2 protein chains.
Amino acid sequence: MKVKATDIAQMNSASEVIYDALRVAITRGDLAEGETLRQDRIARMFNVSRIPVREALMRLEEQGLVTTQRYRGAVVSALSIEEIREIFEFRALLEPEILRYSVERLSPDRLEQASRSCHLFATETDSSRWGDLNRDFHYSLYQDAGRPYYLQVVKTALGRVERYLRAQLVLTDGMARARQEHAAILAACMERDAETAARLTREHILAAGRSLVDILVRQNEAHATMLTETGAP
Amino acid sequence: MKVKATDIAQMNSASEVIYDALRVAITRGDLAEGETLRQDRIARMFNVSRIPVREALMRLEEQGLVTTQRYRGAVVSALSIEEIREIFEFRALLEPEILRYSVERLSPDRLEQASRSCHLFATETDSSRWGDLNRDFHYSLYQDAGRPYYLQVVKTALGRVERYLRAQLVLTDGMARARQEHAAILAACMERDAETAARLTREHILAAGRSLVDILVRQNEAHATMLTETGAP
DNA sequence: CTTGCAAAAATTGGATCCAATAAGCAATAT
DNA sequence: ATATTGCTTATTGGATCCAATTTTTGCAAG
């Protein structure tokens, strides 16, 4: 037999498929924050009933990606600037720690993979792909840490702020800086210098966080000014 | 109008009530790990259909408290010893950090509350209440940190291992030690010594984790020996 | 007595239907 | 003109029903 067998028992249920699709759409920013997700509309999009849609929405809410009010539906969660700041601070605590565990265990294959990811990120011009490639680079370095729980928590945290990160990369010199910082982190990993790699990662995340918060504060101020000038409420 | 109004819109839906009840039952250890949760049975217990039950199970799975296989139902998640070790290590990283942020901001009321919690924990003889009281003490100290995201992550992490903690408190001198360590942490907080409080918290969590892992390893070895001696598979 | 297997029962995932609630709109009173 | 009330529609939460899948049971053969 020359068949590529796939484990049908492990195939995704409808609610999982919908959950994944919505999660990706939200983290990519394809769904605007504050947008309400109508069960019926999503059900028609996937050609299913509302049952699996509601199950997917429950899981998204548990991840903090949507917010639900009874009988009023689910809306894509919006983060305040302070919440974004906190999540970057949080990542800046966890990710260096994971990397510290990981550096000594990085296999040659893994370093090769990280190197490729780093290069792909550095040379990609389509900004809509930057989120994925950034994620690939960081996670490739964390994979060998032997800390699945840490990794899962970091993934959730990044998932919450990823939609805002693109703005930071596009609207400033963020992309150029990220390229350099990724290269430096990778170099430290290759030299098995865990402390340097961890310190660079912490600074990388904190810098991106500060830059992003700056952008958002300025946007807020601009918006507030406009409202005042036009006399809107 | 002299009516005590309560926000009916914020009242819990059936799926939330069921979710909370199951979450508490699992973290308390009232449901054994590996036990399968039948939708129909739970639905009858709460006098509802299976729909809200399934929604609750989805959310529990997202929290890692149950594990689901398609068409085979949900079972209470079991953690390996290594996973438990990792989660304690994780808590030992996060909780001192939260406390560091919190110490300088602790209000007199909050210190009073923490003091009461500490005392209640120290004097409670009913071991089934230790989990709640331990949680109350720690969280009262974290409340003022102004880091809701950290706090939520810590709550999830503790929720995963709480069921094992009782064993640690009961089967060793864990309770006596915990009493002392809590008192020391509280004292450091009252003196606004953030670094000492953080260090003590880290050691407190690491010690409990090591003690728990020891217990579980011994249990495992005893079990394995028994199986060998009786010739069971 | 054990093993293999087909039918029956139990269980889950999902569709359809119904009741409860919110949101929008028209009619009325002030 | 505006605020209040009642009606209509849209939407959600949940119940009931059906199909797909797993698990158990009964029975025959070795």
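Here's a quick rundown of the structure.

Procedures and definitions
- Residues numbered from 1 in each chain as written.
- Chains lettered and ligands numbered in written order.
- Predicted model: local features only at pLDDT ≥ 70, side-chain atom pairs only at ≥ 80, totals over all residues.
- Heavy atoms only, no water.
- Contact = heavy atoms within 4.5 Å.
- Buried area = accessible area lost by both parts, 1.4 Å probe.
- Salt bridge = Lys/Arg side-chain N within 4 Å of Asp/Glu carboxyl O.
- Polar contact = N/O pair within 3.5 Å; in protein donor to acceptor, adjacent residues only side chain to side chain.
- Helix = DSSP H or I, 4+ residues; strand = E, 2+ residues; numbered from the N terminus.
- Axes fitted to C-alpha atoms, helices over the stretch in contact; angles between N-to-C directions.
- Parallel < 35°, antiparallel > 145°, perpendicular 65-115°, else oblique.
- Left-handed = near helix turned anticlockwise from the far one by under 90°.
- Nonpolar A, V, L, I, M, F, W, Y, C, P; charged D, E, K, R; others polar.
- Near = heavy atom within 4 Å.
- Least-squares fit on C-alpha atoms with pLDDT ≥ 70 in both.
- Disulfide = S-S within 2.5 Å.
- Buried < 20%, exposed > 50% of the residue type's maximum accessible area, 1.4 Å probe, protein only.

1. Some remarks on the interface of chain A and chain B
Each partner contributes residues to the interface: chain A has 33 residues there, and chain B has 33 residues. Summing both sides of the interface, chain A and chain B together bury roughly 3100 Å²; the carbon and sulfur share of this comes to 54%. At the boundary of chain A and chain B, one finds 6 salt bridges. Taking the shortest distance from any N to any O, the salt bridge between Glu 62 of chain B and Arg 59 of chain A comes out at 3.1 Å. Our count for the contact surface shared by chain A and chain B stands at 20 residue pairs in polar contact (both at pLDDT 80 or more). Elements that contribute at least two residues to the side of chain A that touches chain B include exactly helix 1 (14-28), helix 3 (50-62), helix 4 (81-103) and helix 7 (148-171) of chain A. Sort the elements by how many residues they give to the side of chain A that touches chain B and helix 4 of chain A lands first, with 10 residues.

2. Some points on the packing of helix 6 (residues 130-142) of chain A against helix 8 (residues 174-190) of chain A
Residue and element names in this part refer to chain A. Direction vectors running N to C along helix 6 and helix 8 enclose 15 degrees, while the axes themselves pass 11 Å from each other. On the basis of their axis angle, the class for helix 6 and helix 8 is roughly parallel. By crossing handedness, the relation of helix 6 to helix 8 is classed as left-handed. Of the residues in helix 8, those touching helix 6 at Trp 130, Asn 134, Phe 137, His 138 and Leu 141 are Met 175, His 182, Ile 185, Leu 186 and Cys 189. Looking at the contact of helix 6 with helix 8 residue by residue, the classes come out as 7 nonpolar, 3 polar and no charged.

3. Points about the protein's contact with DNA strand C
As a structural note, the neighbourhood of DNA strand C is formed by 16 residues, with Ala 14 and Ser 49 of chain A together with Arg 38, Arg 50 and Arg 54 of chain B the closest of them. Counting only the atoms of DNA strand C within 4 Å of the protein, the fraction contributed by sugar and phosphate is 63%. At a separation of 2.9 Å, a sugar or linking oxygen of DNA strand C approaches a polar side-chain atom of Arg 38 of chain B. A distance of 2.7 Å separates a base nitrogen of DNA strand C from a polar side-chain atom of Arg 54 of chain B. Among the secondary structure elements, those contributing two or more residues to the surface near DNA strand C are helix 3 of chain A together with helix 3 (50-62) of chain B. The leading source of residues in the surface near DNA strand C is helix 3 of chain B, at 3 residues. Partitioning the surface near DNA strand C into residue classes produces 8 nonpolar, 4 polar and 4 charged.

4. Some remarks on the relation of the copies chain A and chain B
You can overlay chain A on chain B at an RMSD of 0.0 Å; the transform is a turn of 180 degrees with a shift of 0.0 Å along its axis. Taken together, the rotation and translation describe the operation of a two-fold axis. The residues that chain A uses at the interface reappear at the interface of chain B in 100% of cases, marking a shared surface.

5. Details of the state of the cysteines
Residue and element names in this part refer to chain A. Taken as a whole, this structure holds 0 disulfides over all chains when the rule is applied. Of all cysteine sulfurs, the one in Cys 189 lies closest to Cys 118, which takes part in no disulfide; the gap is 10 Å. Overall, Cys 189 belongs to the buried group, its relative accessible area being 0%.

6. Comments concerning the pattern of salt bridges
All names here are of chain A. Applying the stated criterion to the full structure yields 38 salt bridges over all chains. A salt bridge links Asp 132 to Arg 129; the shortest N-O distance between them is 4.0 Å. On the basis of relative accessible area, Asp 132 is assigned to the partly exposed category, the value being 24%. Residues participating in the shared-partner salt-bridge network are Glu 124, Arg 129, Asp 132, Arg 135 and Glu 162.

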